Amino acid sequence: MQIQSLRIKSYRSWKIDDRPYNDVAKKKFRQLQDFEKLKAAGSPEAVILEVLGLSRTTYYRMKAKYEEYGLAGLEPKTKRPKKTRQVSWSKELESLVLKLRKQEPTWGKNKIHRLIVRDHNIAISLATVGRIISKLISLNKIKAAYFAANKDRPKRRRIFNKHAARWKYGMKASKPGQLVQIDHMSVCSNSKCVKHFKANCPFSKVMVCDVYNTASSRSAALFLEKVIQNMPFDIESIQVDGGSEFMKDFELACKELGIKLYVLPPRSPKYNGVVERCNGITRDDFYSQYNDVFDVATIKGHLSKFQNKYNSYRPHQALQNLTPMEYLKLLDQSRAA
């Protein structure tokens, strides 16, 4: 039998140090090496230490540790306290929390605490229940409430193989109509709900809104037609969240109209801040004061008046207390001058 090669560890394992070392230890080792190289090149010790960002005491302490213990001597000392807090609850109480949490896997510490106090007459703090739940999660005896509630929910990732493209960080409107923000919200009253769509130009703050019975892509496409008719400027591009109402018919409508469509990353409402803020204003200034019949046909008429009031009468602080239409007029005058 012919042996082609031998594994190094089989005959040189006593020379190999393959332990995983901390990045801090590796950095200190490189500093020691750099010091020796610079010193061999004739650089003054004071200059070398200044370049490396080390004091003389620190350097010689590191060197002594390395000469005595190797890289292990350069490892940072643990910051773990010598005495750690011990649990203050009994095994019986921990078993009770485990039992209740398994019965209701989506309940948090507040509800379980209430059950323990009410049904078992045990005096315990809310924080202690939280610590017990955290311990049970770390031991994999239970799962976090979010994962328990969503374990069977399929994860879907949007594939950008059509007209829409992913919004990139830093994209910002520099003129009216360049990057209009569109969003929708549900508004309910007396067990009736309507879907409120809104478009807002972040540069001029001009707003267009409408309501529909459903938040479908067809409704969004119809709303896009109204936005184009009502905006006092051409729309170059639109940014939306990843909702299904902004897919299919809406995406196709943007493509046919030659309007670029950008989709925000998941859980990023902050990048749609202008229209999100306008949603809050609409809830406070319109729907909280609305007293007529709560159906789409009736609301549409009132919304038209609210839209005109928002664009032509309501002062906007971000526009130096001008209305959006006044700001656009002033902008046109400055361009013409």
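Look up: the structure comes first, before these words.
Rules and cut-offs
- Residues numbered from 1 in each chain as written.
- Predicted model: local features only at pLDDT ≥ 70, side-chain atom pairs only at ≥ 80, totals over all residues.
- Heavy atoms only, no water.
- Helix = DSSP H or I, 4+ residues; strand = E, 2+ residues; numbered from the N terminus.
- Areas by Shrake-Rupley, 256 points an atom, 1.4 Å probe, with all protein chains shown as cover.
- Lys, Arg positive; Asp, Glu negative; His and termini not counted.
- Charge placed at Lys NZ, Arg CZ, Asp CG, Glu CD.
- Buried < 20%, exposed > 50% of the residue type's maximum accessible area, 1.4 Å probe, protein only.
- Pairing = 2+ DSSP bridges.
- Expected span 1.5 Å × (residues − 1).
- Contact = heavy atoms within 4.5 Å.
- Salt bridge = Lys/Arg side-chain N within 4 Å of Asp/Glu carboxyl O.
- Core = buried A, V, L, I, M, F, W, Y, C linked by side-chain atoms within 4.5 Å.
- 1 Å grid on protein atoms, 1.4 Å probe; cavity = no way out; pocket = protein on both sides within 12 Å on 5 of 7 lines; lining within 4 Å.
- Points joined across faces, edges and corners; volume = space filled by probe spheres on them.
- Right-handed = clockwise from strand over helix to strand, strands pointing away.

Caption draft 1: Spatial organisation of the overall build of the protein. Along its length, the protein carries 13 helices and six strands. Overall, the C-alpha framework of the protein stretches about 85 × 70 × 60 Å when taken along its three principal axes. Counting every atom, the protein has about 22800 Å² of accessible surface; 51% of that belongs to carbon and sulfur. Side chains of the protein give 63 positive and 32 negative charges; the mean places of these two sets differ by 7 Å.

Caption draft 2: Looking closely at the pairing of strand 4 (residues 207-212). Counting buried positions along strand 4 gives six out of six residues, so the element sits mostly inside the fold. Burial of the side chains of strand 4 extends over both faces: Met207, Cys209 and Val211 are buried on one face and Val208, Asp210 and Tyr212 on the other. One ladder, built from six bridges, connects strand 3 (residues 192-200) with strand 4; its direction is antiparallel. Bridge pairing links Phe197 to Asp210 in strand 4.

Caption draft 3: Structural context of helix 9 (residues 217-230). End to end, helix 9 covers 20 Å across 14 residues, agreeing with the expected 20 Å (1.5 Å per residue, within 8%). For helix 9, the set of buried residues is Ser217, Ser219, Ala220, Ala221, Phe223, Leu224, Lys226 and Val227. Turning to helix 9, the residues buried within the fold contact strand 2 (180-189), strand 3, strand 4, strand 5 (237-240), helix 10 (248-257) and helix 12 (296-312).

Caption draft 4: Quick peek at the pattern of salt bridges. On inspection of all chains with the given rule, the structure shows seven salt bridges. When the shortest N-O distance is used, the salt bridge between Asp119 and Arg118 registers 2.7 Å. For Asp119, a relative accessible area of 46% gives the class partly exposed. The exposure class assigned to Arg118 is partly exposed, which follows from its relative accessible area of 49%. Where Asp210 meets Lys300, a salt bridge forms, and the shortest distance between an N and an O atom there is 2.8 Å. Here the residue Asp210 occupies a position in strand 4, and Lys300 occupies one in helix 12, the gap between them amounting to 90 residues. Relative accessible area serves as the criterion here: at 7%, Asp210 is assigned to the buried category. With relative accessibility at 29%, the residue Lys300 sits in the partly exposed group. Look at the salt bridges and you will find they share partners, linking Asp210, Lys226 and Lys300 into a network.

Caption draft 5: Structural detail: the nonpolar core. Judged by nonpolar contacts, the single largest core of 27 residues is most densely connected at Ile182, Phe223, Met231, Ile238, Val240 and Phe250. The set of elements that each furnish at least two residues to this core consists of strand 2, strand 3, strand 4, helix 9, strand 5, helix 10 and strand 6 (260-263). In contact with Ile238, not counting residues within four places along its chain, are Leu179, Val180, Ile182, Leu224, Phe250, Cys254, Ile259, Lys260, Leu261 and Tyr262.

Caption draft 6: Representation of the layout of surface pockets within the structure. Taken as a whole, the second largest pocket holds about 260 Å³ of empty space. Along the walls of the second largest pocket sit Lys28, Thr58, Arg61, Met62, Lys65, Tyr69, Ala72, Gly73, Leu74, Glu75, Pro76 and Lys77, which together make up its complete lining. Ranked by residues supplied to the lining of the second largest pocket, first place goes to helix 4 (residues 56-69) with five residues.

Caption draft 7: Expanded view of the pairing of strand 6. Taken together, the two bridges between strand 1 (residues 165-166) and strand 6 define a ladder with parallel strand orientation. Paired with Ala165 across the two strands is Tyr262, which belongs to strand 6. Sheet analysis places strand 5 next to strand 6, joined by four bridges and oriented parallel. Along strand 6, the bridge assignment pairs Gln239 with Tyr262. For the crossover from strand 5 across helix 10 to strand 6, the handedness is right-handed.

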